[in-house]
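Chain residues, written in single-letter form:
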Amino acid sequence: MSTHIAAATGEIAPIVLFPGDPLRAKWIAETFLSDAVLYTETRGMLGFTGTWNGHRVSVQGSGMGQPSMAIYANELFNEYDVQKIVRVGSCGGLTEKVGMRDIIIANGACTDSGINRVRFNGLDYAPVADFGLLRAAVEASEEMPLSSSVHVGLLFSSDQFYSTRPELNEAFIKHGALGVEMETSGLYTLAAYYGRQALSICTVSDHLVTGEETTAKEREQTFGDMIEIALRAATAAG
């Protein structure tokens, strides 16, 4: 058992969907997985394993921010031999190029975090998605009837939800960032370190330009298109 997940060996599948919200993890397990079994509720961070279209899949809450996410990703990769993690999260729209409930498939992630600067001794590292998962997600989105648009582009992984320097968003927007969230940069870095596959798919839940936002319940239970894309990609990619 790991320190923070506390699942027994074999209870977690090689494929993990990775929402920040543990209640979204519960909704995903109950809505999309067959025969889902709870394998952890340590610190309220729920994890389930079940099957989807004959594939064994787990879903694990990660919490908010790169430090929390990194605890769970490290344990999944290092102690449970997870091969693929697909983050299924929410993000804020940074530009009018994306609309509310649009889906962003992140090919890479910028960050204001100091975590990678410590890891790489002050040098810049470019965290990118696994190409196999990225391609499979794009193909899945093209095959599905979707109610919102899908974009492939950069996410900005910020360490501050309530930013003290909102003007810094502009530099990232000018260089192609479509949405802001708090986890993807760290996830892609850890996947590279462990030699595993990772992808982040986020739904725009609020918009920094228009001021629109969704409710907590909507963020928890209404982002089904994103989950379907993630499941199709994770079970199709080699």
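In what follows, the structure referred to is the one given above.
The structure displayed is predicted, hence computed values, not measured ones.

Asks: Is there a simple way to think about the environment of Thr49 in this case?
Replies: Its location among the elements puts Thr49 in strand E3 (residues 47-52). For Thr49, a relative accessible area of 9% gives the class buried. Here Thr49 is in contact with Glu11, Ile12, Ala13, Asp35, Ala36, Val37, Tyr39, Arg56, Val57 and Ser58, once residues within four sequence places are set aside. A distance of 2.7 Å separates the side chain of Thr49 from the backbone oxygen of Glu11, its partner in a polar contact.

Asks: Is there a simple way to think about the side chain of His4 in this case?
Replies: Along the chain, His4 turns up in the segment before strand E1 (15-18). Setting aside its immediate chain neighbours within four residues, His4 contacts Thr40, Thr42, Arg43, Ile71, Tyr72 and Glu75.

Asks: Help me out: how do you make sense of the pattern of salt bridges in this one?
Replies: Think of it this way: side chains of opposite charge can pair up when their charged atoms draw near. One pass over the full model with this rule turns up 7 salt bridges. Across the salt bridge formed by Arg196 and Asp81, the nearest N and O atoms sit 3.4 Å from each other. Here Asp81 lies in the loop between helix H2 (66-79) and strand E5 (84-93) and Arg196 lies in the loop between helix H6 (184-194) and strand E9 (197-207), a separation of 115 residues in the sequence. With a relative accessible area of 47%, Asp81 lands in the partly exposed category. Taking the shortest distance from any N to any O, the salt bridge between Arg87 and Glu181 comes out at 3.0 Å. In this pair, Arg87 is assigned in strand E5 and Glu181 in strand E8 (residues 177-181), connecting sequence segments 94 residues apart. Assigned by exposure class, Arg87 and Glu181 land together as buried. Residues joined by salt bridges that share partners form a network here, namely Arg87, Glu181 and Glu183.

Asks: Looking at this model, I keep getting lost on the pairing of E5. Mind explaining?
Replies: On any regular strand, side chains alternate: one points to one face of the sheet, the next to the other face. Burial of E5 is extensive: 9 of the 10 residues sit out of reach of the surface. Where E1 lies against E5, 4 bridges are found, and the strand directions are parallel. Each bridged residue has a counterpart across the sheet, and for Leu17 the counterpart in E5 is Val86. With 10 bridges joining them, E5 and E9 adopt parallel strand pairing. If you follow Gly89 over to E9, its bridge partner there is Cys202. In the sheet, E5 pairs with E8 via 2 bridges, with the strands oriented antiparallel. The partner of Gly92 across the bridge, within E8, is Val180.

Asks: What should I look at first to understand the packing of H2 against H6 in this one?
Replies: Packed helix pairs are specified by the crossing angle of their axes together with the interaxial distance, meaning the distance between the axes. At a minimum axis distance of 9 Å, the contact between H2 and H6 shows a crossing angle of 25°. Considering the angle they form, H2 stands roughly parallel to H6. For the pair H2 and H6, the sense of crossing is right-handed. Across from Gln66, Met69, Ala70, Ala73, Asn74, Phe77 and Asn78 in H2, the residues of H6 making contact are Ser185, Gly186, Leu187, Leu190, Ala191 and Tyr194.

Criteria and thresholds
Residues numbered from 1 in each chain as written. Predicted model: local features only at pLDDT ≥ 70, side-chain atom pairs only at ≥ 80, totals over all residues. Heavy atoms only, no water. Helix = DSSP H or I, 4+ residues; strand = E, 2+ residues; numbered from the N terminus. Buried < 20%, exposed > 50% of the residue type's maximum accessible area, 1.4 Å probe, protein only. Contact = heavy atoms within 4.5 Å. Polar contact = N/O pair within 3.5 Å; in protein donor to acceptor, adjacent residues only side chain to side chain. Salt bridge = Lys/Arg side-chain N within 4 Å of Asp/Glu carboxyl O. Pairing = 2+ DSSP bridges. Axes fitted to C-alpha atoms, helices over the stretch in contact; angles between N-to-C directions. Parallel < 35°, antiparallel > 145°, perpendicular 65-115°, else oblique. Left-handed = near helix turned anticlockwise from the far one by under 90°.

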